[in-house]
Amino acid sequence: MFSCLITGGIGCGKSIACSLFRAALGERAHYFSADEAARTALELPVVIEGLVDVFGKSCLQLNDVQPRINKEWLRETIFHQTKARKALEKILHPIVLDALDKHRHEARYIGCEVFLAEVPLYYEIGGLVEADLIIVVAASRTVQISRLMERRGLDEELIENILRSQWSIEDKVDKAEVVIWNDGEITALETQMLTLARQLRLA
């Protein structure tokens, strides 16, 4: 089974690139998203309890019958306080990495030819995920900021805080085995992902 890992900066289009790559690969690929795993983990009672222990009940949604994490509050907090971000990562990262391993084993068990993992913080966590190929989806900082403001409604201060908390695009590109540049139209991105799949003889 061939293992591909896609990473890159926020606002660079990693998820879209993964979607296009999956379309090129067809049913032979098994996909895992670290972001989706993290969102799922935030609903686990053990995670909610852990976050309340760290942040207090201010991290919970108000007036909910069942305790739920206030994701907007959490995002604002962790990207303004480094200590808070590291506390969150200490809780979430082991769960996400365990989920990735389970998906990889499942993919191998059912006979998939390709395991495709989208791991945005691959370099930030120390490259703990094994893969045959590391693909970095990159874009200019100006494009990153523009997309985050227009598509996610984030303000510039928060965006700068998020960008500072991650490796720079330049550093990720330097480490990458394959770089997909995504400053333009989706058709250009689609062409790059299809070409890569063909070069790897996966499409």
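Details of the structure are given in the entry above.
Here's a quick rundown of the structure. Residue positions are given per chain, counted from 1 along the sequence in the order it is written. Only residues with pLDDT of 70 or above have their local features reported here, since the model is predicted, and side-chain atom pairs are shown and tallied only from 80 upward, although totals for entire chains, interfaces and linings are computed over all residues. To get the side-chain values, all heavy atoms of the structure are used, and hydrogens and water are removed first.

### Observations regarding the overall build of the chain
- Numbered from the N terminus, helices here are DSSP runs of H or I no shorter than four residues, and strands are runs of E no shorter than two. When helices and strands are counted, the chain shows nine helices and five strands.
- Sequence-ordered secondary structure for the chain, helices as α and strands as β, is β-α-β-α-α-α-α-β-β-α-α-α-β-α.
- Only the C-alpha atoms count toward the radius of gyration. The rule for a globule is 2.2 Å times the residue count to the power 0.38. Against the globule reference of 17 Å for 203 residues, the chain gives a C-alpha radius of gyration of 18 Å, in line with a compact fold.
- Think of it in three bands: residues with accessible area under 20% of the maximum for their type are buried, residues over 50% are exposed, and the middle band is partly exposed, with areas taken using a 1.4 Å probe on protein chains only. When the 203 residues of the chain are sorted by exposure, 45% land in the buried category.
- Each accessible area is a Shrake-Rupley result for a 1.4 Å probe, and residues are judged covered by the shown protein chains and nothing else. Element-wise, carbon and sulfur atoms account for 50% of the exposed surface of the chain, whose accessible area totals about 11400 Å².
- Note on charges: Lys and Arg go in the positive column, Asp and Glu in the negative column, and His and the chain ends are not counted at all. For the purpose of locating charges, the reference atoms are NZ of Lys, CZ of Arg, CG of Asp and CD of Glu. Each charge sign in the chain was given a centre, from 24 positive and 30 negative side chains, and these centres are 2 Å apart.

### Brief notes about the packing of aromatic side chains
- Between rings of Phe, Tyr and Trp, where Trp is taken as its six-membered ring, a pair exists when centres lie within 6.5 Å; planes separated by under 30 degrees are stacked, by over 60 edge-to-face, and by other angles tilted. The tally for this structure, following the rule as stated, stands at three aromatic pairs.
- Where Phe55 meets Trp73, the ring centres are 5.8 Å apart and the plane angle is 80°; that geometry is what we call edge-to-face. Of the two residues, Phe55 is situated in helix H3 (residues 45–55) and Trp73 in helix H4 (residues 71–78); the sequence distance between them amounts to 18 residues.
- The exposure class assigned to Phe55 is buried, which follows from its relative accessible area of 15%.
- With centroids separated by 4.9 Å and ring planes inclined at 70°, the aromatic side chains of Tyr122 and Tyr123 adopt a geometry described as edge-to-face.

### Brief notes about the sheet that holds strand E1 (residues 2–8)
- The rule for pairing is simple: two strands pair if DSSP sees at least two bridges between them. Here five strands make up an open sheet; going across it, the order is E2-E3-E1-E4-E5 and the pairing parallel. Because the sheet does not close on itself, it has two edges, and the strands there are strand E2 (29–33) and strand E5 (178–181). Each strand axis lies, on average, 20° off the axis of its neighbour in the sheet, ignoring direction.
- When E2 meets strand E3 (residues 114–118), the two strands line up parallel, connected through five bridges. Axis definition: a line fitted to C-alpha atoms, over the contacting stretch in the case of helices. Angles run 0 to 180 degrees between N-to-C directions.

### Section: the pairing of strand E4 (residues 133–138)
- Within E4, six of the six residues are buried, leaving the element largely enclosed by the surrounding structure.
- Of the two faces of E4, both are covered, the one formed by Leu133, Ile135 and Val137 as well as the one formed by Ile134, Val136 and Ala138.
- Summarising the sheet, E1 and E4 pair through five bridges and their orientation is parallel. By the bridge assignment for E4, Gly8 is matched with Val137.

### Notes on the pattern of salt bridges
- For this analysis, a salt bridge means a side-chain nitrogen from Lys or Arg found within 4 Å of a carboxyl oxygen belonging to Asp or Glu. Tallied over the full model, the rule gives five salt bridges.
- When the shortest N-O distance is used, the salt bridge between Lys102 and Asp98 registers 3.3 Å. Here Lys102 pairs with Asp98, and both are found in helix H5 (residues 82–109), just four residues apart, close to one helical turn.
- Exposure remark for Lys102: the relative accessible area of 54% places this residue in the exposed category.
- We note a salt bridge from Glu124 to Lys172, for which the minimum N-O separation is 3.0 Å. Taken as a pair, Glu124 in the loop between E3 and E4 and Lys172 in helix H8 (residues 169–175) lie far apart in primary sequence, 48 residues in all.
- With a relative accessible area of 24%, Glu124 lands in the partly exposed category.

### A look at the layout of surface pockets
- Volume-wise, the largest pocket comes out at about 1300 Å³.
- Surrounding the largest pocket, 42 residues form its lining, Asp35, Arg39, Phe79, Pro120 and Arg152 being those nearest its centre.
- Those elements that place two or more of their residues in the lining of the largest pocket are helix H1 (14–25), helix H2 (34–41), H4, H5, helix H6 (141–152) and helix H7 (156–165).
- Class assignment for the residues of the lining of the largest pocket results in 23 nonpolar, seven polar and twelve charged.
- Only protein atoms enter the calculation, which uses a 1 Å grid: trapped sets of points that fit a 1.4 Å probe without letting it out are cavities, open sets showing protein on both sides within 12 Å along at least five of seven lines are pockets, and any residue with an atom within 4 Å of a point is a lining residue. Grid points are joined across faces, edges and corners, and a volume is the space filled by probe spheres set on the points. Each pocket or cavity is described by its volume, and for the second largest pocket that value is around 160 Å³.
- Around the second largest pocket, the lining is made up of 13 residues, and of these Arg141, Gln144, Ser168, Ile169 and Glu170 lie nearest the centre.
- Among the secondary structure elements, those contributing two or more residues to the lining of the second largest pocket are H6 and H8.
- A per-class count over the lining of the second largest pocket returns six nonpolar, five polar and two charged. For this classification, Asp, Glu, Lys and Arg are treated as charged, while Ala, Val, Leu, Ile, Met, Phe, Trp, Tyr, Cys and Pro are nonpolar and the rest, including Gly, are polar.

### What about the side chain of Ser3?
- Here Ser3 lies in strand E1.
- A 3.5 Å cut-off defines polar contacts: any pair of N or O atoms within that distance qualifies, except that in protein one atom must be a possible hydrogen donor and the other a possible acceptor, and neighbouring residues in sequence count only when both atoms are side-chain atoms. At 3.1 Å, the side chain of Ser3 and the side chain of Arg104 are in polar contact.
- Not counting the four nearest positions on each side in its chain, Ser3 is found in contact with Arg104, Phe115, Glu130, Ala131, Asp132 and Leu133. Note on contacts: a residue pair is in contact if any heavy atoms of the two residues lie within 4.5 Å.

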